[in-house]
Amino acid sequence: MPAAGPSVTPIEALYSDHHGWLLAWLRRRLGDACDAADLAHDTFVRLMVSSRAAPLGDEPRAFLTHVAKGLVADHWRRREVERAYLEAIAHLPEPQAPSPEARMLIIESLLRIEAMLASLPARTRQVFLLAQFEELTLAQIAERVAMPVITVRRHIHKALVACMSVA
């Protein structure tokens, strides 16, 4: 009697059936084989830790595409934050430039801040950015956005609490 082979998990079957297709799809989107390989890997890792990994139904490629699109958006967002940061420090003399390790930590922090700001309601984000970048007073912000000063204060408080959660 032949011994039964090892059973294949649903994620293993999904990987063997669709990895090549997903890799090609990502390569077309990104134009870079290494980035595509990384994101294909990350897509399957997401599925492995997800509670939705098993019941993908009749459209596994649609679900893989959905997950991969989110990872592609994160990839481009990270690249944009990294590019902006590197432009900001490009003028620093060599001795003052942060080390590669410090750069990575700073970029990770900037990404967390960017995600936190994106998660804020639009009005809260608008009020907070007016206070931080234009250095407007509460009264000036209230006038600009046509809301009471107490409401402006609440929005800024909410944003500051969100900032502290990132720290």
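Now for a quick tour of the structure. (Residues numbered from 1 in each chain as written. Predicted model: local features only at pLDDT ≥ 70, side-chain atom pairs only at ≥ 80, totals over all residues. Heavy atoms only, no water.)

### Remarks on the environment of E135
- Here E135 is to be found in the loop between helix 5 (122-133) and helix 6 (138-145).
- Note: C-alpha distance between E135 and S119 (16 residues apart in sequence) is 22 Å. (Helix = DSSP H or I, 4+ residues; strand = E, 2+ residues; numbered from the N terminus.)

### So, the packing of helix 5 against helix 7 (residues 149-166)
- Where helix 5 contacts helix 7, the axes come no closer than 8 Å and their chain directions differ by 90 degrees. Classified by the angle their axes make, helix 5 and helix 7 are roughly perpendicular. Contacts from R123, T124, V127, F128 and A131 of helix 5 reach helix 7 at V152, H155, I156, K158, A159, L160 and C163.
- Classifying every residue of the contact of helix 5 with helix 7 gives 8 nonpolar, 2 polar and 2 charged. (Axes fitted to C-alpha atoms, helices over the stretch in contact; angles between N-to-C directions. Parallel < 35°, antiparallel > 145°, perpendicular 65-115°, else oblique. Contact = heavy atoms within 4.5 Å. Nonpolar A, V, L, I, M, F, W, Y, C, P; charged D, E, K, R; others polar.)

### Re the pattern of salt bridges
- Within the structure shown, the criterion is met by 7 salt bridges.
- Measuring nitrogen to oxygen at the nearest pair gives 2.3 Å for the salt bridge that ties E80 to R83. Note that E80 and R83 are positioned in helix 3 (residues 60-89) at a spacing of 3 residues, about one turn of the helix.
- You can call R83 partly exposed: its relative accessible area is 38%.
- The partner of E134 in a salt bridge is R144, and the shortest N-O contact between them spans 2.8 Å. With E134 in the loop between helix 5 and helix 6 and R144 in helix 6, this pair connects stretches of sequence that are 10 residues apart.
- Residues joined by salt bridges that share partners form a network here, namely D74, R77 and E114. (Salt bridge = Lys/Arg side-chain N within 4 Å of Asp/Glu carboxyl O. Buried < 20%, exposed > 50% of the residue type's maximum accessible area, 1.4 Å probe, protein only.)

### Quick notes on the environment of L64
- Within the element layout of this structure, L64 appears in helix 3.
- Taking relative accessible area as the criterion, L64 reaches 0% and is therefore assigned buried.
- For the pair L64 and A40, spaced 24 residues apart in sequence, the C-alpha to C-alpha distance is 9.2 Å.
- If we skip the residues at most four places from it in the chain, L64 touches L14, H18, W21, L22, T43, F44 and L47.

### Re the nonpolar core
- Counting 18 residues, the largest nonpolar core has L14, L22, L26, L39, F44 and L47 as the members making the most contacts within it.
- Of all the secondary-structure elements, those providing two or more residues to this core are helix 1 (10-30), helix 2 (33-49) and helix 3.
- It is helix 1 that contributes the most residues to this core, 7 residues altogether.
- Grouped together as the second largest cluster of nonpolar side chains are 10 residues, V127, V145, M147 and V152 included. (Core = buried A, V, L, I, M, F, W, Y, C linked by side-chain atoms within 4.5 Å.)

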